[in-house]
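A structural walkthrough
Chain by chain, the residues run as shown.
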Amino acid sequence: MIVRILSLCLALIGGVASVAQAQDGPLRIEITEGVIEPLPFAVPSFQPESGDAGQMAVDLARVVSEDLVGSGLFREVPASAYISTVSDFNAPIQYADWKAINAQALITGAVSVSGNTLNVKFRLYDVFSGAELGSGLQFSGTVDGWRRMAHKVADAVYSRITGEGGYFDSRVVYVSETGPKDDRAKRLAVMDYDGANVRYLTDSSSIVLAPRFSPSGDRILYTSYESGFPRIYVLDIGSVQRRVLESAEGTMSFAPRFSPSGNTVVYSLTQGGNTDIYTMDINTGQSTRLTNTPAIETAPSYSPDGSRIVFESDRSGSQQLYIMPATGGEATRISFGEGRYGTPVWSPRGDLVAFTKQNKGRFHIGVMRLDGSEERLLTASFLDEGPTWAPNGRVIMFARETQGAGGASSLYSVDISGRNLKPVRTQEGGSDPSWSPLQK
Amino acid sequence: MNRILTATLLIAALAVSACTNPDRFGADGMNNGAANGAGLNGGIIPGSANDPASTAYFQQAVGDRVLFLVDQSNLTPEGQATLDGQAAWLNTNTDYQAVIEGHADEQGTREYNLALGARRANAAREYLISRGIAASRLRVVSYGKERPIEVCSSEACYAKNRRAVTVLAGGLTS
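Since this is a predicted model, take the numbers as computed values, not measurements.

What counts as what
Numbering of residues starts from 1 in each chain and follows the order in which that chain's sequence is written. Whichever chain is written first is A, and whichever ligand is written first is 1; the rest continue in order. A pLDDT threshold of at least 70 governs which residues receive local features in this predicted model, and a stricter bar of 80 or more applies before side-chain atom pairs are shown or counted, although totals over entire chains, interfaces and linings include all residues. Numbering of helices and strands runs from the N terminus, with a helix taken as a DSSP run of H or I at least four residues long and a strand as a DSSP run of E at least two residues long. Note that the radius of gyration is over C-alpha atoms, with the globule rule given as 2.2 Å times the number of residues to the power 0.38. Buried means a residue has 20 or more other C-beta atoms within 10 Å of its own C-beta, exposed means 12 or fewer, and partly exposed covers the counts in between; C-beta atoms are placed from the backbone. Residue pairs are scored as contacts if the distance between their C-beta atoms, which are placed from the backbone, is within 7 Å. Strand pairing requires that DSSP identify at least two bridges connecting the strands. Helix axes are fitted to C-alpha atoms over the stretch in contact, other axes to C-alpha atoms as well, and angles between N-to-C directions run from 0 to 180 degrees. Here the word oblique covers every angle except those under 35 degrees (roughly parallel), over 145 (roughly antiparallel) and from 65 to 115 (roughly perpendicular). By definition, turning the near helix anticlockwise from the far helix through less than a right angle yields a left-handed crossing, and turning it clockwise yields a right-handed one. Each residue carries a pLDDT score, the predictor's confidence in it, ranging from 0 to 100. Residue ranges for the domains originate in an automatic or database domain assignment. Polarity classes work like this: nonpolar for Ala, Val, Leu, Ile, Met, Phe, Trp, Tyr, Cys and Pro, charged for Asp, Glu, Lys and Arg, and polar for all others, with Gly in that last group. To estimate how far a helix should extend, the number of its residues minus one is multiplied by 1.5 Å. Under the definition applied here, buried Ala, Val, Leu, Ile, Met, Phe, Trp, Tyr and Cys residues are grouped into a nonpolar core through C-beta atoms within 7 Å.

We now examine the overall build of chain A. Helices and strands together make up the secondary structure of chain A, namely three helices and 33 strands. In terms of overall dimensions, chain A is globule-like: its C-alpha atoms have a radius of gyration of 23 Å, near the 22 Å expected for 440 residues. The 440 residues of chain A split such that 49% are buried. Partitioning the contacts of chain A with sequence separation of at least 6, the portion at a separation of at least 24 is 45%.

Pasting the structure below:
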């Protein structure tokens, strides 16, 4: 069998995703400047290979489709258009029938249930080339975790066609919000990236802010007013056990993030009205001061290699972005555009910084290179803030608060090209999202 | 809703405990004159806003909050005048401690506003210390933009939300 090599042109900066629609060329999504045309695919219901897998077979195909369509890079050809049916996972594909309805990619799958174990197989076909794209794959998991199996299939499809890592098998931790602006209740929640499987991690008896995933995705850091003062807590998502990271009486600590190793926390500490950046060894509690100016220095975020930290400071007189070595020392300003810049977050690819920008009474989520060049604003509204990166560095989630007395916050996502802006489904209002790494 | 209820109950409890606290209106020399004088007038309800030693009086007559300009933590002349009144009151009512709560309006990112609220609370604290209040009696906390009291998205509301509020603690239990 000839293994088809997909050619991919990734112009990440200034990139606008587009789909090459060359009907006689290789199946590919080319991410570059240009016109956007989502790639059409078909995903017939999976084949149930055990008696009780019928509903699962339907649901798995539906979630695979929702993932791909939701990325903005794919378009589903509806089942009503199908000429062929797929009645056997191993039967030959009638390429002509799929070509006739312009399904460029065809995804087939099979599912069997044995006790609480779910087995899912899938194949991806390049219809116009008349060949399988990559080898079939099989995933096993629990019946309860069936959505993860669908996300894994969708990640594999996304990855094979775009040449980039997937992001569907991931979670988001965020602050779930209810109540009016002057009496808002906040509690931590974790959910699948698409809003499914919500679980609440704290109650709303104290203000909780800005949860952040550990690099392994099993713990979170967050800020709580449980003691009456803002303090940083570390919480194990599985057991929901938490502990406070001690800080001196009379201080406030907030804005924590893990280092890529997971052993160090970088955060802000306020003492006597002055806010600086510190690190703490999460095991020993030993802290180190990284900045020492009268300015507000906060919202630190590590580079993926752990060597540098991007943060915001108003040392110049207004909120701007800076990069310094992870051990402290001289910081270099990187934001120079009009307005104020805050909440920088280093992309998992290491190439970009996402930020919140305020200018002329509007808020924007944007991205820039590490030297501040090629700034690109992805959104604009009354109040957008707090970007977080999808594990593949292609999508950003953030919170948008509406204006006025009835204002409420909810989660949105957008491509780093500025395309595919859409709300993220949550049961209640949401703010301060943090995207997990891809699950193992 | 719950917070409002809690606050109401708290004020009620404070009022009751003020009535039953012999130290405050008996042995406490500092308050004797005022309390007795007021008592002779017959119009003073201990713990209410016309009892000069009450938290209600502090909140309403002295003024428990100072306001700030956009993205500023400098005290305005009005703010300084209010804090002068607070300092005088705290110098009289020495069994009270206070937590100064700093707040920001919704125009700003969450972390920055936390730090800005801390600057504001600290500005008020430093001023009170400069007027003779022991630093050990004054703590600060910032709520950033988490606890607005006005909900509209215009300057009329923002101006009231950019505040440092001196919240009294202790005193009545001593």
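Once that is clear, we can look at the overall build of chain B. Along its length, chain B carries seven helices and four strands. Starting at the N terminus, the α and β elements of chain B follow one another as α-α-α-α-β-α-β-α-β-α-β. Counting only residues that meet the buried cut, chain B has 42% of its 174 residues in that class.

Residue and element names in this part refer to chain A. The antiparallel open sheet is built from four strands, whose spatial order is β12-β11-β10-β33. Looking at the sheet topology across the chains shown, the edges are occupied by β12 (199-200) and β33 (429-435). Direction of pairing for strand β10 (residues 171-178) relative to β33: antiparallel, over a ladder of five bridges. Paired with Val 175 across the two strands is Ser 431, which belongs to β33.

Here we come to the packing of helix α5 (residues 77-92) of chain B against helix α6 (residues 110-130) of chain B. Residue and element names in this part refer to chain B. Packing of α5 against α6 brings their axes to within 9 Å, and their N-to-C directions diverge by 55°. Between α5 and α6, the crossing angle belongs to the class labelled oblique. As for how α5 packs across α6, the hand of that crossing is right-handed. Taken together, the residues of α6 that come into contact with α5 (itself represented by Gln 80, Leu 83, Gln 86, Ala 87 and Leu 90) are Ala 124, Tyr 127 and Leu 128.

We now examine the confidence of the model for chain B. Residue and element names in this part refer to chain B. Taken residue by residue, chain B gives an average pLDDT of 81. The fraction at 70 or more is 74%. Scored below 50 in pLDDT, residues 1-40 shows 33 contacts in the model against residues more than four places distant or in partner chains. Reported for the predicted complex are a pTM of 0.88 and an ipTM of 0.91.

Let us look at the pairing of strand β21 (residues 297-302) of chain A. Residue and element names in this part refer to chain A. In terms of burial, β21 is largely enclosed, as six of its six residues are buried. Looking at chain direction, β21 and strand β22 (residues 308-313) are connected through four bridges and run antiparallel. Within β22, the position partnered with Thr 298 by the bridge is Glu 312. Here β21 folds back onto β22 in antiparallel fashion, the turn holding five residues, of which Gly 306 has a positive phi close to 80°.

The next point concerns the domain arrangement of chain A. All names here are of chain A. Once the domains are mapped, chain A shows domain 1 (17-162) and domain 2 (171-435). Computed from C-alpha coordinates alone, the two centres of domain 1 and domain 2 are separated by 35 Å. With six residues of domain 1 at the interface, the matching set in domain 2 holds eight residues. Here the residues of the side of domain 1 that touches domain 2 sort into two nonpolar, two polar and two charged.

A few words now on helix α3 (residues 146-162) of chain A. Residue and element names in this part refer to chain A. In this model α3 runs 24 Å from its N-terminal to its C-terminal C-alpha over 17 residues, within 8% of the 24 Å that 1.5 Å per residue would give. Judged by how many residues are buried, α3 sits mostly within the fold: 14 of 17 residues are covered. Positioned one or two residues after α3, Gly 163 has a phi angle of 80°, which is positive.

Here we take up the interface of chain A and chain B. The extent of an interface is frequently quoted as the accessible surface area lost upon association of the parts. Facing 34 residues of chain A, the contacting portion of chain B comprises 23 residues. Put simply, the parts of the chain that give the side of chain A that touches chain B at least two residues each are β13 (208-213), β17 (251-258), β18 (264-271), β21, β25 (340-346) and β29 (384-389) of chain A. For the side of chain A that touches chain B, the element with the highest residue contribution is β17(A), accounting for three residues. Here the residues of the side of chain A that touches chain B sort into 13 nonpolar, 16 polar and five charged.

This part takes up the packing of helix α1 (residues 54-70) of chain A against α3(A). Residue and element names in this part refer to chain A. Relative to each other, α1 and α3 sit at 45°, their axes nearing to 8 Å. With respect to α3, the element α1 is oriented oblique. Handedness of the crossing formed by α1 with α3: right-handed. Along the contact surface, α1 presents Met 56, Asp 59, Leu 60, Val 63, Val 64, Asp 67 and Leu 68, while α3 presents Trp 146, Arg 147, Met 149, Ala 150, His 151, Val 153, Ala 154, Val 157 and Tyr 158. Here the residues of the contact of α1 with α3 are counted per class, giving twelve nonpolar, one polar and three charged.

A few words on the environment of Ser87(A). Residues and elements named next belong to chain A. When you line up the elements, Ser 87 lands in the loop between β5 (74-76) and α2 (95-100). A count of 8 C-beta atoms within 10 Å places Ser 87 in the exposed class. Between the alpha carbons of Ser 87 and Arg 148 there is a distance of 24 Å; along the sequence they are 61 residues apart.

Turning our attention to the sheet that holds strand β32 (residues 422-423) of chain A. Residues and elements named next belong to chain A. Sheet architecture is open: four strands sit in the order β29-β30-β31-β32, paired in antiparallel fashion. The open sheet has two edge strands, β29 and β32, and neither has a second partner. In this structure, β29 lies alongside strand β30 (residues 395-401), joined through four bridges in antiparallel fashion. What sits directly across from Glu 385, in β30, is Ala 399.

Quick look at the nonpolar core now. Within the largest apolar cluster, 139 residues are counted, with the highest numbers of intra-cluster contacts made by Phe41(A), Leu60(A), Val64(A), Ala105(A), Val353(A) and Ile396(A). Looking at this core, the element that brings in the most residues is α6(B), giving ten residues.

Residues and elements named next belong to chain A. A positive phi is found at Ala 299, a non-glycine position, where the angle reads about 55°. With respect to the element layout, Ala 299 can be found in strand β21. Although it is not a glycine, Asp 432 adopts a positive phi angle of roughly 50°. With respect to the helices and strands, Asp 432 occurs in strand β33.

Here we take up the environment of Thr251(A). Residues and elements named next belong to chain A. Position of Thr 251 relative to the elements: it lies in strand β17. For the pair Thr 251 and Phe 229, spaced 22 residues apart in sequence, the C-alpha separation works out to 8.2 Å. With residues up to four places along the chain from it excluded, the contact list for Thr 251 reads Leu 269, Thr 270 and Gln 271.

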